[in-house]
Amino acid sequence: LVIPTSGNTLGEISDNINSDYGEALLQTWLSPLFPIDPDDHTTRAKVQDVIFEIGSLAGQVSVSVIGKEKNKEVANIASQTASATTGNSGWGDDEFSSMVFSDTVDTPTTFATSTQKIALRPNKKLYNIQYKVTSNTAGAFWQLLSVQADGFMLPGRPPSQWSS
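Now for a look at the structure at hand. (Residues numbered from 1 in each chain as written. Predicted model: local features only at pLDDT ≥ 70, side-chain atom pairs only at ≥ 80, totals over all residues. Heavy atoms only, no water.)

Regarding the overall build of the protein chain
Logical step 1: Helix and strand counts for the protein chain come out as 0 helices and 9 strands.
Logical step 2: Counting from the amino terminus, helix and strand elements in the protein chain follow one another as β-β-β-β-β-β-β-β-β.
Logical step 3: Every one of the 164 residues in the protein chain was classed for burial, and the buried ones make up 29%.
Logical step 4: Taking as baseline every contact in the protein chain between residues at least 6 positions apart, the subset at least 24 positions apart corresponds to 76%.
Logical step 5: Surface summary for the protein chain: the accessible area is close to 11,000 Å², and the carbon and sulfur share equals 49%. (Helix = DSSP H or I, 4+ residues; strand = E, 2+ residues; numbered from the N terminus. Buried < 20%, exposed > 50% of the residue type's maximum accessible area, 1.4 Å probe, protein only. Contact = heavy atoms within 4.5 Å. Areas by Shrake-Rupley, 256 points an atom, 1.4 Å probe, with all protein chains shown as cover.)

Brief notes about the nonpolar core
Logical step 1: Membership of the largest hydrophobic core comes to 20 residues, with the highest contact counts inside it found for Val-50, Phe-52, Ile-54, Val-65, Ile-118, Ile-129 and Val-133.
Logical step 2: Looking at this core, the elements that each hand over two or more residues are strand E3 (44–58), strand E4 (60–68), strand E5 (74–83), strand E6 (113–120) and strand E8 (128–135).
Logical step 3: Top element by residues in this core is E3. It accounts for 6 residues. (Core = buried A, V, L, I, M, F, W, Y, C linked by side-chain atoms within 4.5 Å.)

Section: unusual backbone geometry
Logical step 1: Phi at Asn-71 is positive, roughly 60°, even though this residue is not glycine.
Logical step 2: Here Asn-71 falls in the partly exposed class, since its relative accessible area comes to 43%.
Logical step 3: Its identity is not glycine, yet Asn-123 carries a phi of approximately 50°, on the positive side.
Logical step 4: With respect to the element layout, Asn-123 can be found in the loop between E6 and strand E7 (124–126).

Comments concerning the pairing of E3
Logical step 1: Counted residue by residue, E3 has 11 buried out of 15 residues, so it is predominantly covered.
Logical step 2: Of the strand pairs in this sheet, E3 and strand E9 (residues 141–154) are connected by 12 bridges, and their pairing is antiparallel. Its bridge partner being in E9, Ala-58 is matched across the sheet by Phe-141. (Pairing = 2+ DSSP bridges.)

Section: the environment of Ser-31
Logical step 1: Within the element layout of this structure, Ser-31 appears in the loop between strand E1 (27–30) and strand E2 (34–35).
Logical step 2: Classification of Ser-31 by relative accessible area gives buried; the value is 3%.
Logical step 3: A C-alpha to C-alpha distance of 5.4 Å links Ser-31 and Tyr-131, two positions 100 residues apart in sequence.
Logical step 4: Among all residues touching Ser-31, those that are not within four sequence positions of it are Gln-130 and Tyr-131.
Logical step 5: At 2.9 Å, the side chain of Ser-31 forms a polar contact with the backbone nitrogen of Tyr-131. (Polar contact = N/O pair within 3.5 Å; in protein donor to acceptor, adjacent residues only side chain to side chain.)

What to know about the pattern of salt bridges
Oppositely charged side chains are able to pair whenever their charged atoms sit close together.
Logical step 1: This model, assessed by the stated rule, comprises 2 salt bridges.
Logical step 2: One salt bridge connects Arg-121 with Asp-49, and the closest N-O pair in it is separated by 2.7 Å. Taken as a pair, Arg-121 in the loop between E6 and E7 and Asp-49 in strand E3 lie far apart in primary sequence, 72 residues in all.
Logical step 3: On the accessibility criterion, Arg-121 (62% relative accessible area) is exposed.
Logical step 4: Among the ionic pairs, Lys-72 bridges to Glu-69, the shortest N-O distance being 3.9 Å.
Logical step 5: Under the relative-accessibility criterion, Lys-72 is labelled partly exposed at 46%. (Salt bridge = Lys/Arg side-chain N within 4 Å of Asp/Glu carboxyl O.)

Functional significance is not addressed by these values, which are geometric in nature.
In structure tokens:
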């Protein structure tokens, strides 16, 4: 337990915390900047699709593809925001009787999807690629299960800016 400096209430520090006294906790995962070909940094790839697979999504999450294009700096190439796709209704704990399903007060209020795939279509020629997942909503939870990029290699020579 903790006592915040702004008041005289007790706070809990545990795995159950999903916000900072009502303020969202920023959650970020950022991959390394991967070269398209580790043995030849002049090779580009036409990255057509990137698929993020997010598990146990509750709340909202943003996914991004970051990359290096020819004669440009490393920059955000494509991004998208997704929310959990399940509803907030369910079975209550009322006995079967004349009570209508919508009258209960004990229905679950937060659900998480088992997995959700988020597809981006950058359709860019990249020398390097990086992936980013962020969430800044109170109560958000997610697990990154996989990231997959699809496209084809474009062998080539280094841009003139790389020459000394």
